[in-house]
Amino acid sequence: APRTLVMTSMPTEKQQTVVQVVKALGGFSIVDRVCESTTHVVSGGHRRTLNILLGIARGCWILSFEWILWCLEQRQWIPEEPYELSDQFPAAQLLLLPKLGFHKSRIFFLSSPHMSGTSSGKAGIV
């Protein structure tokens, strides 16, 4: 299955940039919500959205929008590590298991009033 990329906390103009870069460089489909084929979540901010939490739970790359800008600049997909949002979402750095070949990790989150997203969506990862 093709890899998918999810955008979160991103204003329209940044979303358009991501769409243009993905169209130009290929290799990804863009989807609205993290799913089994999602490998990258690109965030335009530091809000802990449902897609961020789902991405962390699935071991996806959680990346800043700057990664997209530098990929555009270089005209190719560049290494993700320097753009990982591990300071804002420390759990993202700890969950490298899928990237290292371990795909069956089980991660649990406690719901909190500070998390963005719907309560029904949160139940899926609690």
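Owing to the predicted nature of the structure, the values given are computational and were not obtained by experimental measurement.

Cut-off values and rules
- Residues numbered from 1 in each chain as written.
- Predicted model: local features only at pLDDT ≥ 70, side-chain atom pairs only at ≥ 80, totals over all residues.
- Heavy atoms only, no water.
- Helix = DSSP H or I, 4+ residues; strand = E, 2+ residues; numbered from the N terminus.
- Contact = heavy atoms within 4.5 Å.
- Phe/Tyr/Trp six-rings, centres within 6.5 Å; stacked < 30°, edge-to-face > 60°.
- Buried < 20%, exposed > 50% of the residue type's maximum accessible area, 1.4 Å probe, protein only.
- Lys NZ or Arg CZ within 6 Å of the ring centre and 35° of its normal.
- Arc of directions from axis to C-beta.
- Axes fitted to C-alpha atoms, helices over the stretch in contact; angles between N-to-C directions.
- Parallel < 35°, antiparallel > 145°, perpendicular 65-115°, else oblique.
- Left-handed = near helix turned anticlockwise from the far one by under 90°.
- Nonpolar A, V, L, I, M, F, W, Y, C, P; charged D, E, K, R; others polar.
- Core = buried A, V, L, I, M, F, W, Y, C linked by side-chain atoms within 4.5 Å.

**With respect to the environment of Trp67**
Along the chain, Trp67 falls in helix 3 (residues 65-74). If we ignore the near neighbours within four places in the chain, the residues touching Trp67 are Leu5, Phe28, His40, Val42, Trp77, Ile78, Pro79, Glu80 and Tyr83.

**Focus on the packing of aromatic side chains**
Going through the model one piece at a time under the given rule, you end up with two aromatic pairs. Look at Trp67 and Trp77: their rings are 5.2 Å apart centre to centre, the planes differ by 20°, and that puts the pair in the stacked class. In this pair, Trp67 sits in helix 3 while Trp77 sits in the loop between helix 3 and helix 4 (90-94), placing the two residues ten residues apart along the sequence. Judged by relative accessible area, which is 1%, Trp67 ranks as buried. The class for Trp77 is partly exposed, based on a relative accessible area of 23%. The ring of Phe28 carries the charged tip of Arg3 above its face, separated from the ring centre by 4.0 Å.

**Remarks on helix 3**
Among the residues of helix 3, those classed as buried are Phe65, Trp67, Ile68 and Cys71. Down the axis of helix 3, the sector holding all buried residues measures 155°, keeping them to one side. Buried positions along helix 3 lie against strand 1 (3-8), helix 1 (12-25), strand 2 (28-31), strand 3 (38-43) and strand 4 (61-64). At the C-terminal side of helix 3, Arg75 shows a positive phi close to 60°.

**Quick notes on the packing of helix 1 against helix 3**
For the pair helix 1 and helix 3, interaxial distance at closest approach is 10 Å and the crossing angle is 45°. It follows from the interaxial angle that helix 1 and helix 3 lie oblique. Crossing angle aside, the handedness with which helix 1 passes helix 3 is left-handed. Across the interface between the two elements, Lys14, Thr17, Val18, Val21 and Leu25 of helix 1 pack against Phe65, Ile68, Leu69, Cys71 and Leu72 of helix 3. Class assignment for the residues of the contact of helix 1 with helix 3 results in eight nonpolar, one polar and one charged.

**Here we look at the nonpolar core**
Counting residues in hydrophobic clusters, the biggest one holds 16 residues, and the most contacted among them are Leu5, Met10, Val18, Val42, Trp67 and Ile68. Where this core is concerned, the elements lending two or more residues are strand 1, helix 1, strand 4 and helix 3. With eleven residues, the next largest nonpolar core counts Val6, Leu50, Leu54 and Ile62 among its residues.

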